[in-house]
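Fold and geometry: a report
This is what each chain is made of:
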Amino acid sequence: MSDIARPAGARHRSSILVTGAAGNLGREVVDRLQAHGARVRSLVRRQTGARPGGESVVGDLTDPAVLRAALVGIDSVFLIWPLLDSAPAHDLVAELTAAAPRVVYLSSTAIDDEAARQSDPIVQVHADMEALLHGAGLLPTVLRSDTLASNVRGWAPQLRAGDVVSGPDVAPTAVVDERDVADAAAAVLLAPHDQLGHEAYVLTGPEVLGRADQVALLGAALRRRLRFQALPADLARSRMLADGRPERLVEALIAASVCRPESHRTTDHVERLTGRPAGTFAQWAIDHAAEFS
């Protein structure tokens, strides 16, 4: 049984702004909201073609004028912060405070609420964003997501070239299907305000997996004998820079691989929000095998 009752008919057609709407997770959130009859406005950095049944605003989340226009008539916002620095978010928060929508923020399970500083820059910016939103009195609903299964799409070029996936190793976590995160986000965004507390929901998959585990499960889905090759930090850094990734992002990813602690935590929060258990990475790999062919 879900913690959140299903939307009751069309008494009020929610108007929801989805940021990061062109990304792996954002696309899934938009699809689910539209399936429930919500009026969805997508904020995207560039126009990639109109989606049926929705509208879009093209621009940068850090541009107050763009955000002000995007928030007109909006009840709720699904917020994905794309930068490794929370400082540019102050203007964003000012616009959100003025418009006063419900805010659902996508954060990270790696946050340590007891730590003065977080393990790495990626987790730190999530902690800073949570503090900024709470400090402005926005009372956000926070969805702390574990590693998204869709991140492995970044391995596709290597798998087209061979059977070895190489890269920096990271501490094992309970990898979560982005479709489950999208279902949870849609449930929260469509729920009546009085049904939600202000706790942080922790969204995980059902099992803890390392990189080698994910590669093996993807190989089983593809019927290929794949293996993972962990690279030393310096070599991983040089390869990512050679691939054209921004230096600041590369340094953040290396810091995460070196400093982020292992987590064995799994939760039932996906089931609490959606009414069904979180799916496995093995099933994700089967469902997406064609993308790696």
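Anyway, here's the lowdown on the structure attached to this text. (Residues numbered from 1 in each chain as written. Predicted model: local features only at pLDDT ≥ 70, side-chain atom pairs only at ≥ 80, totals over all residues. Heavy atoms only, no water.)

We note that Ala 100 has phi near 55 degrees; this positive angle belongs to a residue other than glycine. Mapped onto the fold, Ala 100 is located in the loop between helix 3 (89–99) and strand 5 (102–108). A residue is classified by how much of its surface remains accessible, and Ala 100, at 57% relative accessible area, is exposed. For Arg 223, which is not a glycine, the phi torsion comes out positive at approximately 60 degrees. (Helix = DSSP H or I, 4+ residues; strand = E, 2+ residues; numbered from the N terminus. Buried < 20%, exposed > 50% of the residue type's maximum accessible area, 1.4 Å probe, protein only.)

Residues lying three or four places apart along an α-helix face the same way, a consequence of the helix completing one turn every 3.6 residues. Its 12 residues give helix 7 (residues 211–222) an end-to-end C-alpha distance of 16 Å, which sits within 8% of 16 Å, the value for a rise of 1.5 Å per residue. Taken together, the buried positions of helix 7 are occupied by Gln 214, Val 215, Leu 218, Gly 219 and Leu 222. Along the axis of helix 7, the buried positions cluster into a sector of 135 degrees, meaning they face one direction only. (Expected span 1.5 Å × (residues − 1). Arc of directions from axis to C-beta.)

With that settled, the discussion passes to the environment of Ile 122. Inspection of the secondary structure assignment puts Ile 122 in helix 4 (residues 121–135). Between the C-alpha atom of Ile 122 and that of Ala 256, which follows or precedes it by 134 residues, the distance is 7.3 Å. For Ile 122, the contacting residues outside a window of four places in its chain are Leu 84, Ala 252, Leu 253, Ala 256 and Arg 260. (Contact = heavy atoms within 4.5 Å.)

You can see Ser 166 is positioned in strand 7 (residues 164–167). A polar contact of 3.2 Å, which involves the side chain of Ser 166, links it to the side chain of Arg 239. Aside from chain neighbours lying at most four places away, what touches Ser 166 is Gln 158, Phe 228, Gln 229, Leu 231 and Arg 239. (Polar contact = N/O pair within 3.5 Å; in protein donor to acceptor, adjacent residues only side chain to side chain.)

Before going further, it helps to examine helix 3. Every buried residue of helix 3 is accounted for by Ala 89, Leu 92, Val 93, Glu 95 and Leu 96. Down the axis, helix 3 shows its buried residues gathered within 160 degrees of arc, on one side only. Of the surrounding elements, those touching the buried residues of helix 3 are helix 2 (64–70), strand 4 (76–79), strand 5 and helix 4. Looking one or two residues past helix 3, Ala 100 carries a phi angle of roughly 55 degrees, positive in sign.

What follows is about the pairing of strand 1 (residues 15–19). Among the five residues in strand 1, five count as buried, and that is most of the element. Residues Ser 15, Leu 17 and Thr 19 line one face of strand 1 and the alternating positions Ile 16 and Val 18 line the opposite face, and both faces are buried. In terms of strand pairing, strand 1 meets strand 2 (residues 39–44) through five bridges, oriented parallel. Across the sheet, Leu 17 pairs through a bridge with Arg 41, a residue of strand 2. Regarding topology, helix 1 (residues 24–35) serves as the crossover connection from strand 1 to the parallel strand 2, and that connection is right-handed. When strand 1 meets strand 4, the two strands line up parallel, connected through three bridges. Across the sheet, the residue bridging to Val 18 is Phe 78, located in strand 4. (Pairing = 2+ DSSP bridges. Right-handed = clockwise from strand over helix to strand, strands pointing away.)

For the rest of this paragraph, the subject is the packing of aromatic side chains. Counted under the stated rule, the structure contains two aromatic pairs. For the ring pair Phe 281 and Trp 284, a centre distance of 5.8 Å and an interplane angle of 15 degrees mean the geometry is stacked. With Phe 281 and Trp 284 both in helix 11 (residues 281–287) and three residues apart, the pair spans about one turn of that helix. The class of Phe 281 is buried, set by a relative accessible area of 2%. Geometrically, the ring pair formed by Trp 284 and Phe 292 is edge-to-face, given 6.4 Å between the ring centres and 65 degrees between the ring planes. No difference in accessibility class separates Trp 284 from Phe 292, as the two residues are buried. (Phe/Tyr/Trp six-rings, centres within 6.5 Å; stacked < 30°, edge-to-face > 60°.)

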